[in-house]
Amino acid sequence: QEKIPSQITNRLKIIILENDQKALQNRLKLEFPETAFEKIILLNANASDIVPLRKWPMDRFVELGRKLLEDSTITIILTGSTEEKHVCEDLALQINPDRTVNFAGKTSFKELITLYSISDLLITNDSGPVHFASTTEIPILALFGPETPKIFGPMSPNAKVISLELACSPCVSVFNQKKSSCNDNQCMKLISVQMVLSEAQKILGKWN
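These remarks concern the structure in this document. Source: prediction; values computed, not measured.

1. Quick word on the overall build of the protein
- Summing up its helical and strand segments, the protein has eight helices and six strands in all.
- In the protein, the succession of helices and strands from N to C terminus is α-β-α-β-α-β-α-β-α-β-α-β-α-α.
- Intrachain contacts of the protein at a sequence separation of at least 6 include 64% that bridge at least 24 residues.
- Counting only carbon and sulfur atoms, one obtains 53% of the accessible surface of the protein, whose full area is about 11,000 Å².

If you want it as structure tokens, here you go:
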């Protein structure tokens, strides 16, 4: 009987050339000359509005960002679509505008993949970037609530999913046209900043 090969091993991988990485690093230095970019953590705070239930509360991203920046080597880059630019601008101001860069709407798809390839960690809601980033080797922390990571989780071997697996989850999927009667996404709200911070610190080698 023929075995189905591992989808993680056989996942789509995008090879980014060193020249493209250097070009993006130079662009970051030019646009943000005061910023070090020694260790880059990407925050993707906004899942698309198609499924707002997937969003981790914005004030959690603020608190997480501030705690991450207690490590003086870290710079945070916010990613997102053009429509999310203003929300991310506000988020950067609340976290720490001197060490938080708003890159929402500023990258082509290729530049976004390149950004993943030069960064140390992506922390994201369950949304497209989980899967885009899985084409690179970047460590990923993905926050899942109303959808199940068992079906829709990241393919990357470097991904860690935080999901509380409440009794009411999953309530959203392609099988119900991503519609849910829920108006209080406790599955996301109960994911604490400390839970995410602890996993991030493990990935970044703080406790190794």
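2. Considerations on the packing of aromatic side chains
- Applying the stated criterion across every chain yields a total of four aromatic pairs.
- Relative to Phe132, the ring of Phe109 lies with its centre 5.2 Å away and its plane at 90 degrees, an arrangement referred to as edge-to-face. In this pair, Phe109 sits in helix H4 (residues 109-118) while Phe132 sits in helix H5 (residues 128-133), placing the two residues 23 residues apart along the sequence.
- Classification of Phe109 as partly exposed rests on a relative accessible area of 48%.
- Three or more aromatic residues joined by ring pairs make a cluster, and in this case those are Phe32, Phe37 and Phe103.

3. Details of the side chain of Thr135
- As for its position among the elements, Thr135 is in the loop between H5 and strand S5 (140-144).
- We classify Thr135 as buried; its relative accessible area is 8%.
- Excluding anything up to four places from it in sequence, Thr135 contacts Leu12, Lys13, Ile14 and Ile113.

4. Structural notes on the environment of Lys85
- Position of Lys85 relative to the elements: it lies in helix H3 (residues 85-95).
- When neighbours within four sequence positions are excluded, Lys85 is seen to be in contact with Asn102 and Ala104.

5. A short note on the environment of Leu112
- Position of Leu112 among the secondary structure elements: in helix H4.
- In sequence terms Leu112 and Pro129 are 17 residues apart; their C-alpha atoms lie 9.2 Å from each other.
- Beyond its immediate sequence surroundings of up to four residues, Leu112 is in contact with Thr79, Thr107 and Phe132.

6. As for the sheet that holds strand S6 (residues 159-163)
- In space, the six strands of this open sheet follow the order S3-S2-S1-S4-S5-S6, with parallel pairing throughout. A single partner strand is all that each edge strand has here, and the edge strands are strand S3 (100-102) and S6. In this sheet, neighbouring strand axes are inclined to one another by 20 degrees on average, regardless of whether the strands run parallel or antiparallel.
- Two strands pair when backbone bridges link them, and S5 and S6 are joined in this way by five bridges, in the parallel orientation. Bridge pairing in S6 links Ala142 to Val161.

7. Focus: the packing of helix H2 (residues 58-68) against helix H8 (residues 193-203)
- The N-to-C vectors of H2 and H8 enclose an angle of 40 degrees; their axes lie 10 Å apart at closest approach. The angle between H2 and H8 falls in the class oblique. In the crossing of H2 with H8, the sense of the turn from one axis to the other is right-handed. Contact residues: H2 offers Arg60, Glu63, Leu64, Lys67 and Leu68, while H8 offers Val193, Val196, Leu197 and Ala200.
- Its residues placed into classes, the contact of H2 with H8 shows six nonpolar, no polar and three charged.

8. Some thoughts on the pattern of salt bridges
- Within the structure shown, the criterion is met by seven salt bridges.
- Linking Glu137 and Arg11 is a salt bridge whose minimum nitrogen-to-oxygen distance equals 3.2 Å. With a gap of 126 residues between them, Glu137 in the loop between H5 and S5 and Arg11 in the segment before helix H1 (18-31) connect regions that are remote in the sequence.
- According to the relative accessible area criterion, Glu137 is partly exposed, its value standing at 49%.
- Residue Arg27 is joined to Glu111 by a salt bridge in which the shortest nitrogen-to-oxygen separation is 3.4 Å. Within this pair, whereas Arg27 is found in helix H1, its partner Glu111 is found in helix H4, the two being separated by 84 residues in sequence.
- What you see here is one network of salt bridges that share partners, running through Arg27, Glu31, Lys106 and Glu111.

Conventions we followed
- Residues numbered from 1 in each chain as written.
- Predicted model: local features only at pLDDT ≥ 70, side-chain atom pairs only at ≥ 80, totals over all residues.
- Heavy atoms only, no water.
- Helix = DSSP H or I, 4+ residues; strand = E, 2+ residues; numbered from the N terminus.
- Contact = heavy atoms within 4.5 Å.
- Areas by Shrake-Rupley, 256 points an atom, 1.4 Å probe, with all protein chains shown as cover.
- Phe/Tyr/Trp six-rings, centres within 6.5 Å; stacked < 30°, edge-to-face > 60°.
- Buried < 20%, exposed > 50% of the residue type's maximum accessible area, 1.4 Å probe, protein only.
- Pairing = 2+ DSSP bridges.
- Axes fitted to C-alpha atoms, helices over the stretch in contact; angles between N-to-C directions.
- Parallel < 35°, antiparallel > 145°, perpendicular 65-115°, else oblique.
- Left-handed = near helix turned anticlockwise from the far one by under 90°.
- Nonpolar A, V, L, I, M, F, W, Y, C, P; charged D, E, K, R; others polar.
- Salt bridge = Lys/Arg side-chain N within 4 Å of Asp/Glu carboxyl O.

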